[in-house]
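What follows is the residue order along each chain.
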Number of protein chains: 2
Amino acid sequence: MSRSETLGVALVGCGTVGSAVATMLTRDQEILRARLGPHLALRHIVDVDFSRAQAAGLDQGLFRKDLDAAVTDPAVGVVVELIGGVTVARQVIEKALEAGKCVVTANKALLAQHGVELMALARQHQAALAFEASCAGGIPIIRAICDGLIANRIDAIYGIVNGTCNHILTAMTQRGRTYAQALGEAQQAGLAEADPALDVSGTDSAHKLAILAALAFGAKIDLAAIPVYGIDHLEPCDVVFGGELGYVVKLLAIAQRQDDGVGLRVRPAFISKEHPLAWVSGPFNAVSIYGHATGHTMYYGRGAGGMPTASAVVADLAAVAMGTAQRAFDHLAVWPDRAAAAKQLPIEAVRSRYYLRVMAEDAPGVLAQVAAVLGRHRISIRSVLQHEPLPAAEDAAGVPVVITTHQAVEGNVRAALAEVDALAVIKAPSVCIGIVEEYPEPL
Amino acid sequence: MSRSETLGVALVGCGTVGSAVATMLTRDQEILRARLGPHLALRHIVDVDFSRAQAAGLDQGLFRKDLDAAVTDPAVGVVVELIGGVTVARQVIEKALEAGKCVVTANKALLAQHGVELMALARQHQAALAFEASCAGGIPIIRAICDGLIANRIDAIYGIVNGTCNHILTAMTQRGRTYAQALGEAQQAGLAEADPALDVSGTDSAHKLAILAALAFGAKIDLAAIPVYGIDHLEPCDVVFGGELGYVVKLLAIAQRQDDGVGLRVRPAFISKEHPLAWVSGPFNAVSIYGHATGHTMYYGRGAGGMPTASAVVADLAAVAMGTAQRAFDHLAVWPDRAAAAKQLPIEAVRSRYYLRVMAEDAPGVLAQVAAVLGRHRISIRSVLQHEPLPAAEDAAGVPVVITTHQAVEGNVRAALAEVDALAVIKAPSVCIGIVEEYPEPL
């Protein structure tokens, strides 16, 4: 494609992100023309409801209800899928790929579940599938993994990839809110959905982790096999105790290479205040990637919102127009449709440090009993925090004893805590939260 | 190029980075083969001294002294220039481009001064020039600007792009060292050169700023017109006073779009402790980029060192092998050889907030006199910090009065300080340091 050529774009789904994409391709097109040779020409905006498109002041002459005509238009070279969900969106993408069009999508749920089939279909039709917008909004994190860091064996990814959760946790940490208070405030500020389940349960983060890990490890990832824990059971006292010990709690999407496989999980974790991810507050996202050559690199920015996400969509359109998307799709070996299945470790095989809170009777010898159980399970204690007991009614539930461990195998920790919780001196179920520190670098 | 094709590589210059590149292409080649279809075959290592190459255990069968033969070998598709400097390195690159080879280089000084001519030469010979490793080592920052953020009008860049300076400033800030002490410690730790001038003067940062700004603004940048101030005159008391006011001092490379042109400069600046760049300590680099669509994104990692820099070199080799480097070089409009000259503003036209320290007589009415001068120059005061005077000999040099300003035009600040310093109550030259806060986002 010469510098002056034009790529026709059909946009399917015109909500918050779709209308931002359309705005960038029309009202803001001079910005793009100053930076890119080929011209991106928006030819169709397909939706069933154009209220958002109208509110954005988009050209009504582009509005279409006939999906098939738009997607198969010979003047269209690329289809942008921004419907979301895994049914209609999947059909739209399949139809476009079968028509030989490239596809750009932000659909993390669909990619996490059916990315491999869609990539294979794209390959069958000599098309390309691009999805920078599926993870971490405006942060070019897919490109970092597949391009900037391509020479690295990626050993670990730690990601804060859900802005809603990070906003809630920041309010709990910095302003002492309970989970319920922080969620309510986020909902009022428009930073959490009325039904926040997809975000706070960790499911949205797991979708992104599945995509990032597949590319980082060059392997098929089974979404269903990723252990996922949300932030909705996090208690304020653990936020406070963790803070006293030098940690901040974040919902982390973690992928790490171990000798015996790859350990993936999404869950609230304590991260050392010395680690750059601890500084990421409010609705921002950030992803730390550890490469064998680079060591630690981190990517920070807005993980959601119309314009930031549209920035990623339009970057993919530019790559399709330049032909770089197709070449990367053809020549990289990391795409999971070309790769073997990862050996995903069960949560019991994960190695980590841990924060444990046991609710103990305020009596002599309790710590010794707990420590003995931990020792039998080969768990080495690194620190203990026990405050003077309060003369409060809480005593009925025991006094909190906080223990941090050295590296341990999670299965051992779980077995030990089951035994601890069965002790007569323990008054309530123990709490266990992973601790993340700077990944050891091979430099 | 099909997935199984091979790209022949000639490596010219085998020092710290060169031997790391060679190691990645030979000993570590399985890592790359797992991630990239095309094969990168190292065919020649050219140097005049192979002691580093030998120490790295590289295959002596690859060592060559005949530069011309290596560079023009028909089995070589890409030449990697890692000699450094602006004379021989330039000849090597020109020779390679004239032979129709693509060139990958880490040479920031050469690109900052002669990048435009080299790009034009590459274009004339249908080759490509790639230089991810020239800025910020292992951080894929060129790719962020030219690819991930391509849809953005970039409004500002704030970069910590010299690890030596950041290490020294971190020691001054966190451990109360003087500049001379911190420099000495950095030299002992191998984190500063015996002759540290290129780093501490800000020149190295200016080279990187010229490259990043050219691509971000899609414009020719005149390196000689960038105002550059180093860290070697920074006084510990200003580090302390800034800290009391909520700021950390960093050597920042700044590029900002103003209505009347672009404001570029390298100098020590105070950055708010709320800004992510304030957290970047030790030898790490980080670059904040503000796009009209993304808002703030930041990129963090090791800005120097053999393996991190080699990671960027090999990423460029992969892009040459995939053909994406050539397409980006052909199709993007941001390359400065295709662009007009930027309107670079003189330092007097830059708008910023400022930290001022005046050394005043401890007498009534002094602050009023200083404030009156600032007011006449349209400089609005935001805060004043004056401690109880110490009963010390320092009094002869006056007592420090620290003033922070709202946004002001630097020319006005300079004129005002000249007037302040002429007042009879002022005992020593005033100090002026720019203050950087979160860039206002259009979101």
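Residue numbering note: each chain is counted from 1, following its sequence as written. Just so you know, chain letters begin at A and ligand numbers begin at 1, following the order they were written in. Given that the model is predicted, a residue must reach a pLDDT of at least 70 before its local features are reported, and side-chain atom pairs must reach 80 or more before they are shown or counted; all residues, however, enter totals for whole chains, interfaces and linings.

Structural notes on the overall build of chain A
Phase 1: Per the convention used, a helix needs a DSSP run of H or I reaching at least four residues, while a strand needs a run of E reaching at least two, with both numbered from the N terminus. Helix and strand counts for chain A stand at 16 helices and 16 strands.
Phase 2: We take the radius of gyration over the C-alpha atoms and set the globule estimate at 2.2 Å times the residue count to the 0.38 power. Its C-alpha radius of gyration of 24 Å places chain A within 12% of the 22 Å reference for a compact globule of 443 residues.
Phase 3: Taken along its principal axes, the extent of the C-alpha atoms in chain A is 80 × 45 × 35 Å.
Phase 4: Scored against the burial criterion, the 443 residues of chain A give a buried share of 57%.
Phase 5: It is the C-beta atoms, placed from the backbone, that decide contacts: two residues are in contact if theirs lie within 7 Å. Taking contacts inside chain A between residues at least 6 apart in sequence as the whole, the part at least 24 apart equals 77%. Counting other C-beta atoms within 10 Å of its own, a residue is labelled buried from 20 upward, exposed at 12 or fewer, and partly exposed in the gap between, with every C-beta atom placed from the backbone.

Observations regarding the interface of chain B and chain A
Phase 1: On the side of chain A, 53 residues touch chain B, which itself brings 53 residues to the contact.
Phase 2: Mapped onto the side of chain B that touches chain A, the elements with two or more residues apiece are helix H2 (29–33), helix H7 (141–148), strand E11 (295–302), helix H13 (306–322) and helix H14 (324–331) of chain B.
Phase 3: Partitioning the side of chain B that touches chain A into residue classes produces 30 nonpolar, 16 polar and 7 charged. Gly is put with the polar residues, along with every residue not named as nonpolar or charged; the nonpolar set is Ala, Val, Leu, Ile, Met, Phe, Trp, Tyr, Cys and Pro, and the charged set is Asp, Glu, Lys and Arg.

Structural notes on the sheet that holds strand E3 (residues 63–64) of chain A
All names here are of chain A.
Phase 1: At least two DSSP bridges between two strands are needed for those strands to be called paired. Across the sheet, 6 strands lie side by side as E3-E2-E1-E4-E5-E6; this open sheet has parallel pairing. The open sheet is flanked by E3 and strand E6 (129–130), the only strands paired with a single partner.
Phase 2: With 2 bridges connecting them, strand E2 (residues 39–46) and E3 associate as parallel partners. What sits directly across from Ile 45, in E3, is Phe 63.
Phase 3: Between the N-to-C directions of two axes lies an angle of 0 to 180 degrees, each axis being a line fitted to C-alpha atoms and, for a helix, fitted only over the stretch in contact. Sitting on the sheet, helix H13 (residues 306–322) touches strand E1 (6–12), E2, strand E4 (78–81), strand E5 (102–105) and E6, and the angle it makes with E5 is about 165°.

Some words on the environment of Ser 134 of chain B
All names here are of chain B.
Phase 1: Here Ser 134 shows up in the loop between strand E6 (129–130) and H7.
Phase 2: As a C-alpha pair, Ser 134 and Val 104 span 30 residues in sequence and 9.7 Å in three-dimensional space.
Phase 3: Among all residues touching Ser 134, those that are not within four sequence positions of it are Thr 105, Ala 106, Asn 107, Lys 108, Leu 111 and Ile 211.

Notes on the nonpolar core
Phase 1: Defined on buried residues, the nonpolar core groups Ala, Val, Leu, Ile, Met, Phe, Trp, Tyr and Cys residues joined through C-beta atoms within 7 Å. Leu 11 and Val 21 of chain A together with Leu 11 of chain B are the most contacted members of the largest nonpolar core, which totals 328 residues.
Phase 2: Ignoring any residue separated from it by four or fewer positions in sequence, one finds Val 21 of chain A in contact with Leu 11, Val 80, Leu 82, Ala 310, Val 313 and Val 314 of chain A.

Observations regarding the domain arrangement of chain A
Residue and element names in this part refer to chain A.
Phase 1: Where each domain begins and ends follows an automated or database-derived domain assignment. We note that the domain assignment places domain 1 (6–137 + 308–338), domain 2 (141–302) and domain 3 (350–436) within chain A.
Phase 2: When each unit is reduced to the centre of its C-alpha atoms, the spacing between domain 2 and domain 3 is 25 Å.
Phase 3: Per-element tally for the side of domain 2 that touches domain 3: the top contributor is strand E9 (residues 261–272), with 7 residues.
Phase 4: Looking at the side of domain 2 that touches domain 3 residue by residue, the classes come out as 10 nonpolar, 3 polar and 4 charged.

Section: the relation of the copies chain B and chain A
Phase 1: Once chain B is rotated about the relating axis by 180° and shifted along it by 0.0 Å, it coincides with chain A to within an RMSD of 0.0 Å. What the superposition gives is, in effect, a two-fold axis relating one chain to the other.
Phase 2: A shared binding surface is used by both copies, with 100% of the interface residues of chain B retained as interface residues in chain A. Only residues with pLDDT of at least 70 in both copies count here: their C-alpha atoms drive the least-squares fit that superposes the copies.

A look at the confidence of the model for chain A
Phase 1: For chain A, the average pLDDT comes to 95, and 97% of its residues sit at 70 or higher.
Phase 2: Predicted as a complex, the structure gets a pTM of 0.96 and an ipTM equal to 0.96. Across the chain, each position has a pLDDT score giving the predictor's confidence in that residue, from 0 to 100.

Concerning unusual backbone geometry
Phase 1: Phi at Ala 136 of chain A is positive, roughly 65°, even though this residue is not glycine.
Phase 2: Looking at where Ala 136 of chain A falls in the secondary structure, it is placed in the loop between E6 and helix H7 (141–148).
Phase 3: Residue Arg 378 of chain B is not a glycine yet carries a positive backbone phi of 65°.
Phase 4: In this structure, Arg 378 of chain B sits in the loop between helix H15 (366–376) and strand E13 (381–385).
Phase 5: With 11 C-beta atoms packed within 10 Å, Arg 378 of chain B lands in the exposed category.

Observations concerning helix H14 (residues 324–331) of chain A
Phase 1: Counted residue by residue, H14 of chain A has 7 buried out of 8 residues, so it is predominantly covered.
Phase 2: Along H14 of chain A, the residues classified as buried are Thr 324, Ala 325, Gln 326, Arg 327, Ala 328, Phe 329 and His 331 of chain A.

Brief notes about the packing of helix H1 (residues 16–25) of chain A against H13 of chain A
Residue and element names in this part refer to chain A.
Phase 1: Axis separation between H1 and H13 bottoms out at 8 Å; the angle between their running directions is 60°. Classified by the interaxial angle, the pair formed by H1 and H13 is oblique. Where H1 crosses over H13, the two elements pack in a sense that is right-handed. Where H1 approaches H13, its residues Thr 16, Val 17, Ser 19, Ala 20, Val 21 and Met 24 are matched on the opposing element by Gly 306, Met 307, Thr 309, Ala 310, Val 313 and Val 314.
Phase 2: By residue class, the composition of the contact of H1 with H13 is 8 nonpolar, 4 polar and no charged. Note that the term roughly parallel is reserved for angles under 35 degrees, roughly antiparallel for angles over 145, roughly perpendicular for angles of 65 to 115, and oblique for everything else. Crossing handedness follows the turn of the near helix against the far one: under a right angle anticlockwise gives a left-handed crossing, and clockwise gives a right-handed one.

Remarks on the sheet that holds strand E1 (residues 6–12) of chain B
Either a parallel or an antiparallel arrangement is found when strands of a sheet pair, and the pairing is made through backbone hydrogen bonds.
Residues and elements named next belong to chain B.
Phase 1: Across the sheet, 6 strands lie side by side as E3-E2-E1-E4-E5-E6; this open sheet has parallel pairing. With one partner strand each, in any of the chains shown, strand E3 (63–64) and E6 form the two edges of the open sheet.
Phase 2: Sheet topology note: the strand E4 (residues 78–81)/strand E5 (residues 102–105) ladder contains 4 bridges and is parallel. Its bridge partner lying in E5, Val 79 is registered against Val 103.

Notes on the environment of Trp 335 of chain B
Residues and elements named next belong to chain B.
Phase 1: Position of Trp 335 relative to the elements: it lies in the loop between H14 and strand E12 (351–360).
Phase 2: We classify Trp 335 as buried; it has 22 C-beta atoms within 10 Å.
Phase 3: For the pair Trp 335 and Met 119, spaced 216 residues apart in the sequence, the C-alpha separation amounts to 7.9 Å.
Phase 4: Excluding anything up to four places from it in sequence, Trp 335 contacts Met 119 and Phe 329.

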